[in-house]
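What the coordinates show
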Amino acid sequence: MIENWPVPTAAAAVVRADGTVAGSYGPADHRFPLASVTKPLAAYAALVAVEEGAVELDEPAGPEGATVRQLLAHASGLAFDEHRPAAAPGTRRLYSNAGFEVLGDHIAKATDIPFAEYLRQAVLEPLGMVSTDLPGSPAKDGVSTVADLVRFAAELQAPRLLAAETLAAATSVAFPGLGGVLPGYGHQRPNDWGLGFEIRDGKSPHWTGAASSPRTFGHFGQSGTFLWVDPEARAACVALTDRAFGPWAIEVWPALTDAVLAELRA
């Protein structure tokens with residue numbers, strides 16, 4: 001199926017809840033720009049910082065009246081790519097790269113460690129993600145491989161770096177009921193999100209599959225990348241490509257997801 005995708009290079013893997021790889025395709029060690037698949041990694045580092053006591057989810061951060069929790073959940077009111085408020089905190093789901101950049105700066109200040117280095121120490125190094133780094137924005141500039149993201153997908157199903165209840169909260173809806181635009185898919189009511197993870201719920205259209213459970217969480221990136229975890233299927237899927245997201249992805253990604261879920265059920 002993936003061999004027919006209109007992309008120069010693609011790599012993918014399916015990871016079971018026990019961390020084993022159910023199947024893979026393409027060059028596992030090829031480094032791809034992640035685009036917004038960077039956000040779950042950055043969020044995970046932020047949650048480690050919370051558990052370490054460096055920051056608190058409900059402490060002030062970003063625009064006036066906003067919190068760390070709201071920055072993680074795209075509910076701070078910050079504009080998409082500008083460091084300016086476009087709505088009052090907690091009133092709309094405004095998908096915001098700026099919010100993750102403000103979050104990275106906030107954690108760097110609190111820990112006295114540059115955010116990219118904090119991410120390395122808190123997440124990448126402990127998980128053995130040796131081919132992953134963050135040369136720029138914590139919203140969109142990560143670079144990684146399928147081999148590394150397999151390790152992260154395993155962590156998201158059986159956390160070692162976070163308490164299970166912390167991850168459960170991060171992958172449940174934060175600020176329920178907020179509407180907003182899901183990039184590439186239009187306005188969603190509600191546009192549910194956790195803390196750094198998009199929650200599928202009943203969204204339509206969507207980049208996951210028709211068979212994906214409402215509890216599915218993850219992220220996709222404009223560089224043609226995605227990572228989802230479906231707790232009902234007890235599995236995760238990573239796909240990285242070197243073609244920008246567009247109509248081709250809208251067409252083929254859900255078909256792959258449904259094929260993966262059907263194979264797992266079989």
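Residues numbered from 1 in each chain as written. Predicted model: local features only at pLDDT ≥ 70, side-chain atom pairs only at ≥ 80, totals over all residues. Heavy atoms only, no water.

The name an unreviewed UniProt entry gives the protein is Beta-lactamase, with Streptomyces bingchenggensis as the organism.

1. Here we look at the overall build of the protein
As a reminder, the rule being used: The secondary structure listing takes helices from DSSP runs of H or I that are at least 4 residues long and strands from runs of E that are at least 2 residues long, numbered from the N terminus. Atoms considered for the radius of gyration are the C-alpha atoms alone. The globule rule reads 2.2 Å times the number of residues to the power 0.38. Partly exposed describes any residue whose relative accessible area lies between the buried limit of under 20% and the exposed limit of over 50%, with all areas from a 1.4 Å probe on protein chains only and scaled to the type maximum. Two residues form a contact once any of their heavy atoms are found within 4.5 Å.
On a plain count of helices and strands, the protein comes out with seven helices and ten strands. Relative to its length of 266 residues, the protein is compact, with a C-alpha radius of gyration of 17 Å against a globular reference of 18 Å. Oriented by its inertia axes, the alpha-carbon framework of the protein measures out at about 50 × 40 × 35 Å. Burial analysis of the protein (266 residues in total) assigns 56% to the buried set. In the protein, once contacts between residues fewer than 6 apart in sequence are set aside, the share between residues at least 24 apart is 55%.

2. Examining the UniProt feature "domain: Beta-lactamase-related" (unreviewed entry) in the protein
What counts here: UniProt positions are given in the numbering used here, feature names are shortened, and annotations may be inferred rather than shown by experiment.
UniProt's feature table lists "domain: Beta-lactamase-related" (unreviewed entry) at residues 7-246, given in the numbering used throughout. Helix makes up 28% of residues 7-246 and strand 18%, with an end-to-end C-alpha separation of 11 Å.

3. Things to note about the environment of Thr38
In this structure, Thr38 sits in helix 1 (residues 38-52). Each C-alpha atom of the pair Thr38 and Asp141 lies 6.6 Å from the other, and the pair is 103 residues apart in sequence.

4. What to know about the packing of aromatic side chains
Quick reminder of the rule: In summary, the pairing rule links any two rings of Phe, Tyr or Trp, Trp by its six-membered ring, whose centres are within 6.5 Å, and it sorts them by plane angle into stacked for under 30 degrees, edge-to-face for over 60 and tilted for everything else. Placement of a charge over a ring requires the Lys NZ or Arg CZ to be within 6 Å of the ring centre, with the centre-to-atom vector within 35 degrees of the ring normal.
A complete count under the given rule lists 14 aromatic pairs for this structure. Consider the rings of Phe197 and Phe217, whose centres lie 5.5 Å apart with planes at 85°: the pair is edge-to-face. Note that Phe197 is positioned in the loop between strand 6 (186-188) and strand 7 (198-199) and Phe217 in strand 8 (residues 217-221), a separation of 20 residues in sequence. The exposure class of Phe197 is buried, given its relative accessible area of 1%. Owing to a relative accessible area of 4%, Phe217 belongs among the buried residues under this scheme. Three or more aromatic residues joined by ring pairs make a cluster, and in this case those are Trp5, Tyr185, Trp207, Phe220, Phe226, Phe245, Trp248 and Trp253. When the ring centre of Phe100 is taken as reference, the NZ or CZ atom of Lys39 above it lies at 6.0 Å.

5. Remarks on the sheet that holds strand 9 (residues 225-230)
As a reminder of what qualifies: By the convention used here, strands pair only if DSSP detects at least 2 bridges between them. Axes here mean lines fitted to C-alpha atoms, for a helix over just the part in contact, with angles spanning 0 to 180 degrees between N-to-C directions.
Strands sit in the order 2-1-10-9-8-7 across an open sheet of six strands; the sheet is antiparallel. Only two strands of the sheet have a single partner each, and these edge strands are strand 2 (21-25) and strand 7. Taken together, the two bridges between strand 7 and strand 8 define a ladder with antiparallel strand orientation. When the sheet's bridge partners are listed, Glu198 is paired in strand 8 with Gly218. In the packing of helix 7 (residues 247-265) onto the sheet, contacts are made with strand 1 (10-16), strand 2, strand 8, strand 9 and strand 10 (235-241), and the angle to strand 9 comes to roughly 35°.

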